[in-house]
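Here are the chains, one letter per residue:
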Amino acid sequence: MTAVGQFLQSPLGFLENNIIVVGFDGIEHDPLNARIETMTFVTKPAQQGEARQMGRTLGLYFAVPQGMVGALPGVIPDGRTFNAYFCPYRQNDTLGTTVSNRADFMFTATMDGCSLGVGNAAPDGSRLIYHSNLGGNQNQQDTTLRFVMGATFGTAFNPSAYRFEYGQGVLKSTTMGIRSKTSRQWSFLSQIYFEDRQANPRRYYLREIKDIA
């Protein structure tokens, strides 16, 4: 079974045994007219990166739109795709999307100081999602999310919840949403990891998987 197949079969189980790095910033769109991306996973040669946790080796996958694969040199495509909402990112901005019943997954760009706002569920189960990057200023990001989301604002996933280890802001988050096949409700989680850019090959260390909303 391909990595995408394993992910679709058990998203949480996949995240416990593999690190997903998002390799895409998303395309800005009207949050009320959500954009669906055809996503896939690619891998890189082992000498370019590896993933670990507590001495065990994990799988390392990069999540990208299928249309980008041909422009990525040296990657190994998974061969299978899935549909996902993508909450776009832009430096020094706050951009959003709405998740509903047109796809069962949502991704956003890698978070390394940003905040994610998750809206309360509407009667039809849809939720407004915003990604705020304002120089890592948590207070300003939180205030902006509350302003742009208004009465729909539910919770914010801020840098203080994922970024710091031993007092240092070094951790990153792959932040995603999953729509339950049984309840049809959305839940959101963070896969928190450390990226050691000094190691050769580059190493990614899984820290934890954290529920957001």
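Please refer to the structure placed before this passage.
Small disclaimer: the values here were computed from a predicted structure and weren't measured.

Enquirer: What is the right way to look at the sheet that holds strand β9 (residues 115-119) in this model?
Expert: Where strands meet in a sheet, backbone hydrogen bonds hold them as pairs that are either parallel or antiparallel. Strand order in the open sheet formed by four strands is β7-β10-β9-β11, and the pairing between neighbours is antiparallel. Two strands lie at the open edges of the sheet, namely β7 (93-99) and β11 (153-157), each paired on one side alone. Direction aside, the axes of adjacent strands within the sheet are offset by 20° on average. Across four bridges, β9 lies against strand β10 (residues 127-133) in antiparallel orientation. Each bridged residue has a counterpart across the sheet, and for V118 the counterpart in β10 is I129.

Enquirer: Teacher, can you tell me more about the packing of aromatic side chains here?
Expert: Geometrically, a pair of aromatic rings is defined through the distance of the ring centres and the angle of the planes. Summed over the entire model, instances satisfying the criterion amount to 18 aromatic pairs. A centroid spacing of 4.9 Å and a plane angle of 35° characterise the contact between F7 and F105, whose relative ring orientation is tilted. With F7 in helix α1 (residues 3-9) and F105 in strand β8 (residues 105-108), this residue pair connects regions lying 98 residues apart in the sequence. When sorted by exposure, F7 lands in the same class as F105, which is buried. Ring geometry for F62 against Y204: centres 6.3 Å apart, planes inclined by 85°, an arrangement best described as edge-to-face. One end of the pair, F62, is in strand β4 (residues 56-65); the other, Y204, is in strand β16 (residues 203-211), and 142 residues separate them in sequence. On the basis of relative accessibility, which here comes to 9%, the residue F62 falls in the buried class. Every member of this aromatic cluster is reached through a ring pair, and the members are F7, F14, F41, Y61, F82, F105 and F107. Over the face of the ring belonging to F62 we find K44, whose NZ or CZ atom lies 4.4 Å from the ring centre.

Enquirer: Looking at this model, I keep getting lost on the pattern of salt bridges. Mind explaining?
Expert: Where charged atoms from two side chains of opposite charge come close, those side chains can pair. All chains considered together, the criterion is met by eleven salt bridges. The residue R146 makes a salt bridge to D142 at a minimum N-O spacing of 2.8 Å. Taken together, the residues span about one helical turn, with R146 and D142 both in helix α3 (residues 138-149) at a distance of four residues. The partly exposed category is assigned to R146, whose relative accessible area is 46%. It is possible to trace a salt-bridge network through shared partners that takes in K172, E195, R197 and R202.

Enquirer: I'm lost on α3 in this one. Help?
Expert: The periodicity of an α-helix, 3.6 residues per turn, causes residues three or four positions apart to be oriented the same way. Helix length check: α3, at twelve residues, gives a terminal C-alpha distance of 16 Å against a target of 16 Å (1.5 Å per residue), a fit within 8%. Within the span of α3, buried status applies to Q141, D142, L145 and M149. Viewed along the axis of α3, the buried residues span an arc of 100°, placing them on a single side of the element. Residues of α3 that are exposed and point more than 90 degrees away from the buried face comprise N139, T143 and F147. The secondary structure elements touched by the buried residues of α3 are β7, β9, β10 and β11.

Parameters and conventions
- Residues numbered from 1 in each chain as written.
- Predicted model: local features only at pLDDT ≥ 70, side-chain atom pairs only at ≥ 80, totals over all residues.
- Heavy atoms only, no water.
- Pairing = 2+ DSSP bridges.
- Helix = DSSP H or I, 4+ residues; strand = E, 2+ residues; numbered from the N terminus.
- Axes fitted to C-alpha atoms, helices over the stretch in contact; angles between N-to-C directions.
- Phe/Tyr/Trp six-rings, centres within 6.5 Å; stacked < 30°, edge-to-face > 60°.
- Buried < 20%, exposed > 50% of the residue type's maximum accessible area, 1.4 Å probe, protein only.
- Lys NZ or Arg CZ within 6 Å of the ring centre and 35° of its normal.
- Salt bridge = Lys/Arg side-chain N within 4 Å of Asp/Glu carboxyl O.
- Expected span 1.5 Å × (residues − 1).
- Arc of directions from axis to C-beta.
- Contact = heavy atoms within 4.5 Å.

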